[in-house]
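Fold and contact review
Below, each chain spelled out in residue letters.
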Amino acid sequence: MAFKTIHTLYGLQRMAAAEATGVPINLIQMAVGDGNGNPTTPSEGQTGLVREMYRATVNRVFQEPGNARMFTAELVIPASIGGFVIRECGIFDDSGGLFAVANIPDAYKPVDSEGAYADTVVRLQFIVSNAGVVTLMVDPNVAVATHAWIINNITPAYLIPGGTTNQLLAKESNADGDFKWVDLDGVNVTVDCIEDPQILAAGQTVVNLVTTTTRGLAVYIEGVRLRGDQWTPDPILNTRLTLAESYPAGTNFVAAQNDPYGVAPDPLLKAQNLFDVPDKALGRQNLGVDSKTNTDTFAPISEIAFFARDTAPTGWLKANGAQVSRLAYAALFAVIGTRYGAGDGFNTFNLPDVRGEFVRGWDDGRGADPGRVYGSTQAQALQNHNHFLPTSSGATAPNAKPSITDTSWSTDKVVNVQPSPGTVAMTVDGEGLQNTQNPPGPLGTFALETRPRNIAFLACIKY
């Protein structure tokens, strides 16, 4: 079966009109079809495809380099579109007319659910009588660059043209994309060689340098350079070295720093992560940072603090009794252990639970709160005390009413309040009951606890 592309009668008429009027043809859409399940043969009288399956905006229309009258129209079918066989193709102008139609070899277009994840590109070629009758179109809003086009066009030669062998690409200014090719000999490095001459004494092996250090140093005795094993830099002072042997009195000694034959280790190697900084304390001072050892003392591990926020800050955990990893929080576990709970007994341990609690200083042998174990909790309590009630003829507090009006009393009565565990009763000289009211509220209403005025903040523990 022959495969071909032909202009429809409508397309031929559009070309004739374009040549006569000078108004070019604008081809904007392409479509593919399956020919109703059968091969198709293009005909001039067609106004549409036999059975159209997909239509979209043309990706681009371009001229073939070797033939100015030959054009190629390109359609990209996304990976998500498919499930049909492509047998026919057509291109439409801005009036919706079928300009050219083609039959193509059967090609099944799968969908991504079938395991295919690639776009399909369909190209339709056609020839016109005059190259000026067709508009070359690339809409940046719909154009898709295919993988093959990128490989063939986006190359280093395309992106960064120019330059010669051994030249370097350098910034011309700080503006993006502003660069130029420069010659390598445009970079000059000047090193000043510093000499430290001295006269050795008889038996002298230790030399204290005056103007140089042992870094990048070459040592000469009477003009002869010593090998690296004939002298040793001091491990602490970089202005001192030790000779492997002594020389006669009056021997000429020269230490040459930055000498071409000197040895200088690489400073601040990346792999060392600043471990090779000679004076770490001075380095931290110059950077304005403190050491971890010192900063850990600012908030020691296991410190409990309160925060005016509802989340724990960095380096802290909520003191909520939660189980946490012994490995992840090894430093905290080493300090508090399983005092507040052993977690699962192997991998976790419990944090102290400070939620809703007042913190009281540990007695630690003082005797003000005897018998307390460190870290233990204490239930609420009210200290034993007495209240005095007046007789029926006695005076009362302003706006107060006596709870007992027994006129047989001849003296003031004593109310003995004993809030012992499990006891809510109070006796008046051994007779009757009285309720301690917690205003506001009806007589006989009790609060759940005895407490001072307070505010709730988030308790956290340092790890």
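As shown above, the structure is provided for reference.
Notes on the structure in this doc start here. A quick note: this is a predicted structure, and the numbers were derived from the prediction, not measured. Throughout this document, residue positions are counted from 1 along each chain, in the order its sequence is written. Local features in this predicted model are restricted to residues whose pLDDT is 70 or higher, and side-chain atom pairs enter the listing and the counts only when it is 80 or higher, whereas totals over whole chains, interfaces and linings include all residues. The basis for every side-chain value is the complete set of non-hydrogen atoms in the structure, without hydrogens or water.

**Side note on the sheet that holds strand 18 (residues 304-307)**
Within the open sheet, the 3 strands sit side by side as 18-26-19. Their pairing is antiparallel. Every interior strand has two partners, whereas the edge strands, strand 18 and strand 19 (316-318), have only one. Neighbour-to-neighbour, the strand axes of the sheet open up by a mean angle of 40°, direction not taken into account. Pairing between strands is defined by DSSP: at least two bridges between the two strands are required. Numbering of helices and strands starts at the N terminus; helices are DSSP runs of H or I of at least 4 residues and strands are runs of E of at least 2. Two strands pair when backbone bridges link them, and strand 19 and strand 26 (residues 458-462) are joined in this way by 3 bridges, in the antiparallel orientation. Within strand 26, the position partnered with Lys318 by the bridge is Cys460. For helices, the fitted axis covers only the stretch in contact; all axes are lines through C-alpha atoms, and the angles between them, taken along N-to-C directions, range from 0 to 180 degrees.

**Re the pattern of salt bridges**
Oppositely charged side chains can form a pair if their charged atoms are brought close together. Take a side-chain nitrogen of Lys or Arg and a carboxyl oxygen of Asp or Glu: if they are within 4 Å of each other, that pair is a salt bridge. Applying the stated criterion to the full structure yields 11 salt bridges. We note a salt bridge from Arg55 to Glu52, for which the minimum N-O separation is 2.9 Å. Relative accessible area serves as the criterion here: at 32%, Arg55 is assigned to the partly exposed category. Buried residues are those whose accessible area, probed at 1.4 Å on protein chains only, stays under 20% of the maximum for their type, while exposed residues exceed 50% and partly exposed ones sit between those limits. A residue is classified by how much of its surface remains accessible, and Glu52, at 35% relative accessible area, is partly exposed. Salt-bridge contacts for Arg123 lead to Glu74; the nearest nitrogen and oxygen are separated by 2.8 Å. Here the residue Arg123 occupies a position in strand 8 (residues 120-127), and Glu74 occupies one in strand 5 (residues 67-77), the gap between them amounting to 49 residues. Classification of Arg123 as partly exposed rests on a relative accessible area of 46%.

**Quick notes on the packing of aromatic side chains**
For this analysis, a ring pair means two rings from Phe, Tyr or Trp (six-membered ring only for Trp) whose centres lie within 6.5 Å, classed as stacked if their planes differ by under 30 degrees, edge-to-face if by over 60, and tilted for the remaining angles. Under the counting rule described, the total for this entry stands at 6 aromatic pairs. Considering the side-chain rings of Phe333 and Phe349, the 5.0 Å spacing of their centres and the 50° angle between planes classify their relative orientation as tilted. Residue Phe333 is found in helix 6 (residues 330-336), and its partner Phe349 is found in strand 21 (residues 348-350); the two are separated by 16 residues along the sequence. Site record: aromatic cluster; members linked through ring pairs are Phe71, Phe99 and Phe126. When the NZ atom of lysine or the CZ atom of arginine is within 6 Å of a ring's centre and also within 35 degrees of its normal, the charge is said to sit over that ring. In this structure, Arg55 packs its charged tip against the face of Phe92, placed 3.9 Å from the ring centre.

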